[in-house]
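Okay, here's what each chain looks like letter by letter:
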Amino acid sequence: MLKPLGDRVILQQQAEEEQTIGGIVIANNAKEKPQSGKVVAVSDGRILDNGSKVAPSVKVGDQVLFDKYAGTEVKYEGSAYLVLHEKDIVAVED
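Residues numbered from 1 in each chain as written. Predicted model: local features only at pLDDT ≥ 70, side-chain atom pairs only at ≥ 80, totals over all residues. Heavy atoms only, no water.

Caption draft 1: Spatial organisation of the environment of Gln-35. Relative to the helices and strands, Gln-35 is located in the loop between strand 3 (24-25) and strand 4 (36-42). Judged by its relative accessible area of 35%, Gln-35 falls in the partly exposed class. Linking Gln-35 and Gln-13, residues 22 residues apart in sequence, is a C-alpha distance of 7.8 Å. Gln-35 has contacts with Val-64, Leu-65, Phe-66, Asp-67 and Lys-68, leaving out every residue within four places of it along the chain. (Helix = DSSP H or I, 4+ residues; strand = E, 2+ residues; numbered from the N terminus. Buried < 20%, exposed > 50% of the residue type's maximum accessible area, 1.4 Å probe, protein only. Contact = heavy atoms within 4.5 Å.)

Rendered as structure tokens:
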């Protein structure tokens, strides 16, 4: 598995169901980017200017919501992941 560096987190995005409006199927490229995902890897934390380390506030397995256009999509061993900064995560779902 990939190991994120700095304050980064790796998510597996949740697949969205096909949406229809008035019987019209929306093309995949016209759908909005999913904004939720499952945390699959977390870095060791962010290092502050004074050298101390801040532990991440999310853990592997958390279901999270993130900013709409955050992160970088990557493919690894046939699966698609999203690598983003922890600051781009806005909430953890219960």
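Caption draft 2: Looking closely at the pairing of strand 9 (residues 79-85). Both strand 1 (residues 8-13) and strand 9 contribute to a ladder of four bridges, which runs antiparallel. Counted as the bridge partner of Ile-10 is Val-83 from strand 9. By the bridge criterion, five bridges tie strand 8 (residues 72-76) to strand 9 in an arrangement that is antiparallel. Note on strand 9: the bridge partner recorded for Tyr-76 is Ser-79. Hairpin connection, strand 8 to strand 9: the antiparallel pair is bridged by two residues, and Glu-77 has positive phi, about 50°. (Pairing = 2+ DSSP bridges.)

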